[in-house]
Amino acid sequence: MAHTSAHVAHTLARHIDEVFGLMGNGNAYFLDALLTSTAANYTAVRHEAGAVVAADAHFRTSGRIAAATTTYGAGFTNTLTALAEAAQAKVPLVLVVGDEPTSGPRPWDVDQIAMASAVGVRTYTVGRVDAAAATVTAVEHALTYRVPVVLAIPYDVATLDIGEIPEVPGPGRPVPLAPATDFVRVLLDRLAGELAEAKRPVLLAGRGAWLAGAEAELGALAEATGALTATTALGRNVFPDAEFDLGVTGGFGAPGAMERIREADVAVVFGASLNQFTMRFGELFDPSTQVWQIDTDDRATNARVGGFVRADAKLAASELVTRLRSDGAQSSGWRETVDTTADRAYEVGREFAEDGRLDPRAAAARLGELLPDDRVVVSDGGHFIAWANMFWEPSAPDRLAMVGTAFQSIGLGWHSVAGAARANQESTIVLTTGDGGGAMALSDLDTAIRSAGGRGIAVVFNDAAYGAEVNLYGLKGLEKSPMLIDEIDFAALATAAGGHGVEVRSLADLDVVEEWTVTPVEDRKFLLLDLRISGAIIAPYQEEVIRVNS
């Protein structure tokens, strides 16, 4: 015989290896069963939001689903920002929580199902006879629709003995959306014809193309058409041939590369939502560019799209290559005429800004040279997010995760380290955060240091301010005092928590990274670099935002 919580723990552990959480009344029996009688790995966090963020970052940096767990009530409500972020970023995970008794709410209970629904998350509640089945259904729902799911265990059901744990089939896996209808085939014929005639084609890919496993097919299509390639911030280096790639698009893109994209006569977008930032607020493509989008969404996601094909990116790209080859189409040859290295160049700036503090561009560029090649970067939200995107080139889309940007949140950075560290146990985990978000998430500074240890580096861009607010509203003349932060000594905080903190006021201070890198992993501590940067240097993407909001 086994109780309900054990049914959930055992069934979940058959499909998910990593669980992140914080224990309380509502999940105590679930955690006991998980830790004493399954092979799942459990990482304790210090704030409930951290459990969801860690599971989120685990998926973003590996493609493998993870779980989070918290208690009911205040434990659950503490997860809501992280749940909203995962929902908007379309990240699958399962959050196992306690919930009110089936007899009705107690004075301290809240309507958790309604709260989860309000941020776009569905709840499955386990019962006396369906605990295992409900668990499999929750995992299947998360994987099929790429969303977070709440799995709730009512308080009075948690310890009920409900029999032997059954073997439940599943979860089912979603089948790629094939371009099989007559209408879609006609559209692909038309698009193949336009690509065959194009003189300056561009292929743009996003995270959806990566999740579809479309790298080889996109590379073949780029070669067949002679197209230049580019990616969204979440699709970095999904194209296999870097020589002809213009890098990231939107506000993080290099000026020369963005001008080059505007020369395109035909642009095909694979697995990217074309949000306002990727589109540079409508300026990414020239008005004369014919823009096609291929996505599993049921409609085009931007008004700029002139032709929309609903299909899996991998399958659609393969179909296009087949059509072009069978028709004897010739490469445009455009990409061989372009110096993409020159197009991708950024302004680095000098070591110090006019106020005497470090220029963040120079510091980030130097770090791009020093950070280990095997790095996985997790980024908090804030003004500083440009610097990693501009100067720390990731080798693949799952080597750079920006947790918080979908929901425009800050303060999720420290929590992300644990998820990335468990997902990539041989890699260096690098956190990039600002002082505002870094201070907000300090509850899991300990978790980051404990989980990543000598494989972890944190880079804090410390300008003693909420930089985005200063740039957007301070420059308009609004009172700045609410936008400023007393300068926090993050180096001292990291050292106190068991890491090694270093205050960085010059580029020479970054030499510590070289020393750290050559030290054996088991002999070094988590390294925190407290970069005292100038707030006067505004990131290009922020300048675009300022322009639009003005």
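As the structure is a prediction and not an experimental result, all values here were calculated from the model.

(A) Focus on unusual backbone geometry. Pro171 follows Gly170 through a cis peptide bond whose omega is 0°. With respect to the helices and strands, Pro171 occurs in the loop between β6 (148–154) and α8 (182–197). Phi is positive for Lys90, close to 60°, though the residue is something other than glycine. Examined against the element boundaries, Lys90 turns out to sit in the loop between α5 (80–89) and β4 (93–99).

(B) Local environment of the pattern of salt bridges. For the coordinates displayed, the defined rule picks out 31 salt bridges. The residue Arg262 makes a salt bridge to Asp286 at a minimum N-O spacing of 3.6 Å. Remark: Asp286 occurs in the loop between β10 (266–270) and β11 (290–295) and Arg262 occurs in the loop between α11 (255–261) and β10; sequence separation between them is 24 residues. Classification of Arg262 as partly exposed rests on a relative accessible area of 22%. The class for Asp286 is partly exposed, based on a relative accessible area of 22%. In this structure, Arg280 engages Glu544 in a salt bridge whose closest nitrogen and oxygen atoms are separated by 2.9 Å. Separated by 264 residues along the polypeptide, Arg280 in the loop between β10 and β11 and Glu544 in helix α22 (residues 540–549) bring together distant segments of the chain.

(C) Fine view of the environment of Glu487. Within the secondary structure layout, Glu487 lies in the loop between α19 (467–472) and α20 (490–496). Among the residues examined, Glu487 registers a relative accessible area of 36% and is labelled partly exposed. In this structure, the C-alpha to C-alpha distance between Glu487 and Ala465, residues 22 residues apart in sequence, is 8.2 Å. In this structure the side chain of Glu487 is engaged in a polar contact, spanning 2.9 Å, whose partner is the side chain of Arg532.

(D) Representation of the packing of helix α1 (residues 4–13) against helix α7 (residues 131–145) in the model. Two numbers describe how α1 lies on α7: the axes approach to 8 Å, and their chain directions differ by 40°. Comparing the axis directions of α1 and α7 gives the class oblique. The two elements α1 and α7 meet at a crossing, and its hand is right-handed. Seen from α1, the contacting residues are Thr4, His7, Val8, Thr11 and Leu12; seen from α7, they are Ala131, Ala132, Thr135, Val136 and Val139. Considering only residue class, the contact of α1 with α7 consists of six nonpolar, four polar and no charged.

(E) Broad picture of the layout of surface pockets. Volume-wise, the second largest pocket comes out at about 240 Å³. In this structure, the second largest pocket is lined by 16 residues; those nearest its centre are Pro255, Glu347, Met390, Pro540 and Glu543. When contributions to the lining of the second largest pocket are tallied by element, the ones reaching two or more residues are α11 and α22. The biggest single contributor to the lining of the second largest pocket is α22, with three residues. Grouping the constituent residues of the lining of the second largest pocket by class yields eight nonpolar, three polar and five charged.

(F) How the structure looks around the side chain of Thr278. In this fold, Thr278 is placed in the loop between β10 and β11. Setting aside its immediate chain neighbours within four residues, Thr278 contacts Thr232, Thr249, Gly250 and Leu284.

(G) Layout of the nonpolar core. Ranked by size, the top nonpolar core spans 39 residues in total, and within it Leu367, Trp387, Trp392, Val459, Phe461, Leu529 and Leu531 carry the most contacts. For this core, the secondary-structure elements that each account for two or more residues are α14 (360–370), α15 (385–391), β14 (400–402), β16 (456–462), β17 (500–504), α21 (511–518) and β18 (527–532). Per-element tally for this core: the top contributor is α15, with six residues. Dropping the residues within four chain positions of it, Phe461 is found in contact with Pro360, Ala364, Phe384, Trp387, Trp392, Thr432, Thr433, Gly434, Asp435, Leu531 and Ile533. In terms of nonpolar packing, the next biggest core, distinct from the first, is built from 33 residues, Ala212, Val238, Ile294 and Ala317 among them.

(H) A look at the packing of aromatic side chains. Applying the stated criterion across every chain, the model contains six aromatic pairs. Seen from their ring centres, Phe384 and Phe461 are 6.2 Å apart, and the 15° between their planes marks the pair as stacked. Note that Phe384 is positioned in the loop between β13 (376–379) and α15 and Phe461 in strand β16, a separation of 77 residues in sequence. The class for Phe384 is buried, based on a relative accessible area of 5%. In this structure, Arg524 packs its charged tip against the face of Trp516, placed 3.7 Å from the ring centre.

(I) Highlighting the packing of α14 against α21. The N-to-C vectors of α14 and α21 enclose an angle of 20°; their axes lie 10 Å apart at closest approach. By the angle between their directions, the pair α14 and α21 is classed as roughly parallel. Helix-helix and strand crossings are classified by hand; for α14 and α21 the assignment is right-handed. Each of Arg366, Leu367 and Leu370 in α14 lies in contact with α21, whose residues at this interface are Asp511, Val513, Glu514 and Thr517.

Procedures and definitions
- Residues numbered from 1 in each chain as written.
- Predicted model: local features only at pLDDT ≥ 70, side-chain atom pairs only at ≥ 80, totals over all residues.
- Heavy atoms only, no water.
- Helix = DSSP H or I, 4+ residues; strand = E, 2+ residues; numbered from the N terminus.
- Salt bridge = Lys/Arg side-chain N within 4 Å of Asp/Glu carboxyl O.
- Buried < 20%, exposed > 50% of the residue type's maximum accessible area, 1.4 Å probe, protein only.
- Polar contact = N/O pair within 3.5 Å; in protein donor to acceptor, adjacent residues only side chain to side chain.
- Axes fitted to C-alpha atoms, helices over the stretch in contact; angles between N-to-C directions.
- Parallel < 35°, antiparallel > 145°, perpendicular 65-115°, else oblique.
- Left-handed = near helix turned anticlockwise from the far one by under 90°.
- Contact = heavy atoms within 4.5 Å.
- Nonpolar A, V, L, I, M, F, W, Y, C, P; charged D, E, K, R; others polar.
- 1 Å grid on protein atoms, 1.4 Å probe; cavity = no way out; pocket = protein on both sides within 12 Å on 5 of 7 lines; lining within 4 Å.
- Points joined across faces, edges and corners; volume = space filled by probe spheres on them.
- Core = buried A, V, L, I, M, F, W, Y, C linked by side-chain atoms within 4.5 Å.
- Phe/Tyr/Trp six-rings, centres within 6.5 Å; stacked < 30°, edge-to-face > 60°.
- Lys NZ or Arg CZ within 6 Å of the ring centre and 35° of its normal.

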